[in-house]
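One letter stands for each residue in the lines below.
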Amino acid sequence: MALYGAPIWAGRLTRRAKALLRRPQRYVAQRMVRAYRTTSHAATCLLAGTPAWELDAGVLAERYWARVEARRRGEPTDAEEAERLARAAAERLKQRWRDALEDSHYGTRTIGAILPVMDEWLGRRKGALTFRVTQVVSGHGCFGHYLHKIQREPGPQCHECGAMDDTAQHTLEECNRWAVERAALRAATGVIDLSLHSIIAAMLGSERNWEAVASFCEEVMSQKEKAERERETSADAIPLRRRRQGQRQRVHLTASSFPQILSTAPLESLSNFRLNYSPCARRSGPLVCFGFGQLADMHIGPGVSNRSPVDVEPSPEFP
Ligand SMILES: [Zn+2]
């Protein structure tokens with residue numbers, strides 16, 4: 001749907017139009033691979049296996065105009081020729097995608113690890129990315145380095161072993177705290193070098209390896225998240241680390257959760273709420289503005305499933 005009419009507009013995409021096109025794609029891809037919202041467009045799309053829409057649109061447009069030209073010359077393409085052209089277009093798209101990834105300035109660790117095995121990554125039949133595998137692969141997750149970058153930690157140090165920089169790679173390869181889990185991972189996969197590229201290659205090598213990596217990520221990241229939650233909620237937590245109360249609360253919108261929101265939220269806080277369905281919706285401004293009296297009549301718009309997360313936030317500008 002996003003590529004509807006691509007032959008008309010693909011050649012006229014401005015820098016700003018490309019950015020607008022990337023935003024919803026990034027959002028969808030992040031959902032597919034359960035990535036943090038800060039994960040780059042390039043890395044998330046590669047993880048999800050979807051080329052950038054502007055590249056896709058360009059190749060679609062070329063195919064369309066080639067067909068138009070062939071018809072104009074009175075040389076309609078037969079089925080076999082059409083098949084050959086489709087394969088060539090798919091190859092062209094993949095090559096342009098690869099070139100764009102090589103030039104990307106963001107998500108370079110993830111991209112660098114997957115690029116050498118890109119065909120296998122895209123062609124795999126099994127191997128879903130879980131929230132915790134994606135954290136380790138993308139580096140965006142419960143790591144001191146990342147939390148410091150988004151200003152949730154005063155420094156990038158590792159709380160487990162005291163290392164200066166708690167990156168995803170530190171967790172995967174170095175941190176003493178996870179030596180037992182790491183030994184189990186090495187025993188299960190036979191992989192000694194735990195660079196991200198080796199790990200990705202091992203995951204693609206067999207289903208058993210994929211499961212072993214997923215199990216390592218699950219065990220380690222769940223413990224890191226638990227420790228992080230404890231640090232956030234402890235009585236002497238520094239303000240930077242504390243969960244932000246009253247600013248934004250993410251809830252899952254279900255048919256039955258509205259009455260819950262109504263019944264559990266303090267009455268006075270319900271009078272000024274704005275609900276945004278999603279970042280895509282937020283781009284075009286708040287879709288739903290209402291006061292307490294209108295809440296029960298809220299309409300769930302098209303394309304929004306009843307499990308879509310919504311951001312519920314106080315909205316002083318919509319009394
Ligand atoms: Zn450590």
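Summing up its helical and strand segments, the protein chain has 16 helices and four strands in all. The buried share of the protein chain, taken over its 319 residues, is 40%. Across the protein chain, the fraction of contacts at a sequence separation of at least 24, relative to all contacts at a separation of at least 6, is 65%. Carbon and sulfur atoms provide 54% of the accessible area of the protein chain, an area that totals close to 18,200 Å².

Bound to the zinc ion on the protein side are Cys-158 (SG), Cys-161 (SG), His-170 (NE2) and Cys-175 (SG), at distances that span 2.1 to 2.3 Å. All donors to the zinc ion come from one chain, and their sequence spacing reads C-x2-C-x8-H-x4-C. According to the relative accessible area criterion, His-170 is buried, its value standing at 4%.

Remark: helix H8 (residues 131-138) packs on helix H13 (residues 207-233), axes separated minimally by 8 Å, with the N-to-C direction vectors making an angle of 85°. It follows from the interaxial angle that H8 and H13 lie roughly perpendicular. Counting all contacts with H8, which are made through Phe-131, Arg-132, Val-133, Gln-135 and Val-136, the residues of H13 involved are Ala-214, Cys-217, Glu-218, Met-221, Ser-222 and Glu-225. Looking at the contact of H8 with H13, its residues break down into six nonpolar, two polar and three charged.

Let's shift gears to the packing of aromatic side chains. One pass over the structure, following the stated rule, counts four aromatic pairs. On the numbers, 5.5 Å between centres and 85° between planes, the contact of Tyr-36 with Tyr-146 is edge-to-face. Taken together, the residues span a long stretch of sequence, with Tyr-36 in the loop between helix H2 (15-33) and helix H3 (41-48) and Tyr-146 in helix H9 (residues 144-149) at a distance of 110 residues. A relative accessible area of 6% means that Tyr-146 is categorised as buried. Taking the centre distance of 4.8 Å and the plane angle of 80° together, the rings of Tyr-64 and Trp-65 count as edge-to-face. Overall, Tyr-64 belongs to the partly exposed group, its relative accessible area being 31%. Trp-65 sits in the partly exposed class, given a relative accessible area of 44%. Its guanidinium or amino end placed over the ring of Trp-121, Arg-124 lies 4.2 Å from that ring's centre, counting from NZ or CZ.

Taken as a whole and judged by the stated rule, the model has 19 salt bridges. Put simply, Arg-132 and Glu-218 hold a salt bridge, and the shortest N to O gap is 2.6 Å. Taken as a pair, Arg-132 in helix H8 and Glu-218 in helix H13 lie far apart in primary sequence, 86 residues in all. Linking Glu-230 and Lys-226 is a salt bridge whose minimum nitrogen-to-oxygen distance equals 3.5 Å. Within this pair, Glu-230 and its partner Lys-226 are both found in helix H13, separated by four residues, close to a single helical turn.

Let's shift gears to the nonpolar core. Leu-101 and Ile-200 are the most contacted members of the largest nonpolar core, which totals 52 residues. Examining the composition of this core, we find that eight residues originate from one element, H13, more than from any other. If you count residues domain by domain, this core takes at least three from each of domain 1 (6-118) and domain 2 (124-233). Non-local contacts of Ile-200, meaning those with residues more than four positions away in its chain, are made with Ala-113, Ile-114, Val-117, Trp-121 and Val-137.

What follows concerns unusual backbone geometry. Even without being a glycine, Arg-34 presents a positive backbone phi close to 60°. Take Arg-34: it is sitting in the loop between H2 and H3. Of the residues examined, Arg-34 reaches a relative accessible area of 45% and is grouped as partly exposed.

Attention now moves to a nonpolar patch on the surface. Residues Ile-8, Tyr-64 and Trp-65 make up a contiguous nonpolar surface patch of roughly 310 Å² in combined accessible area. Examined against the element boundaries, Trp-65 turns out to sit in helix H4 (residues 53-72).

Before going further, it helps to examine the side chain of His-41. For His-41, the location among the structural elements is in helix H3. Polar contacts involving the side chain of His-41 include one to the side chain of Gln-25, which spans 3.1 Å.

Another point: the confidence of the model for the protein chain. Taken over all residues, the pLDDT of the protein chain has a mean of 80, while the share at 70 or more is 76%. Of the regions scoring below 50 in pLDDT, residues 246-319 engages in 104 contacts with residues more than four places distant in sequence or in other chains.

Reading the values: rules and limits
- Residues numbered from 1 in each chain as written.
- Predicted model: local features only at pLDDT ≥ 70, side-chain atom pairs only at ≥ 80, totals over all residues.
- Heavy atoms only, no water.
- Helix = DSSP H or I, 4+ residues; strand = E, 2+ residues; numbered from the N terminus.
- Buried < 20%, exposed > 50% of the residue type's maximum accessible area, 1.4 Å probe, protein only.
- Contact = heavy atoms within 4.5 Å.
- Areas by Shrake-Rupley, 256 points an atom, 1.4 Å probe, with all protein chains shown as cover.
- Donors = N, O, S within 2.8 Å, 3.2 Å for Na, K, Ca; no water.
- Axes fitted to C-alpha atoms, helices over the stretch in contact; angles between N-to-C directions.
- Parallel < 35°, antiparallel > 145°, perpendicular 65-115°, else oblique.
- Nonpolar A, V, L, I, M, F, W, Y, C, P; charged D, E, K, R; others polar.
- Phe/Tyr/Trp six-rings, centres within 6.5 Å; stacked < 30°, edge-to-face > 60°.
- Lys NZ or Arg CZ within 6 Å of the ring centre and 35° of its normal.
- Salt bridge = Lys/Arg side-chain N within 4 Å of Asp/Glu carboxyl O.
- Core = buried A, V, L, I, M, F, W, Y, C linked by side-chain atoms within 4.5 Å.
- Domains from an automatic or database assignment.
- Patch = residues over 30% accessible without salt bridge, like charges linked within 9 Å, V, L, I, M, F, W, Y side chains within 5 Å.
- Polar contact = N/O pair within 3.5 Å; in protein donor to acceptor, adjacent residues only side chain to side chain.
- pLDDT = per-residue confidence, 0-100.

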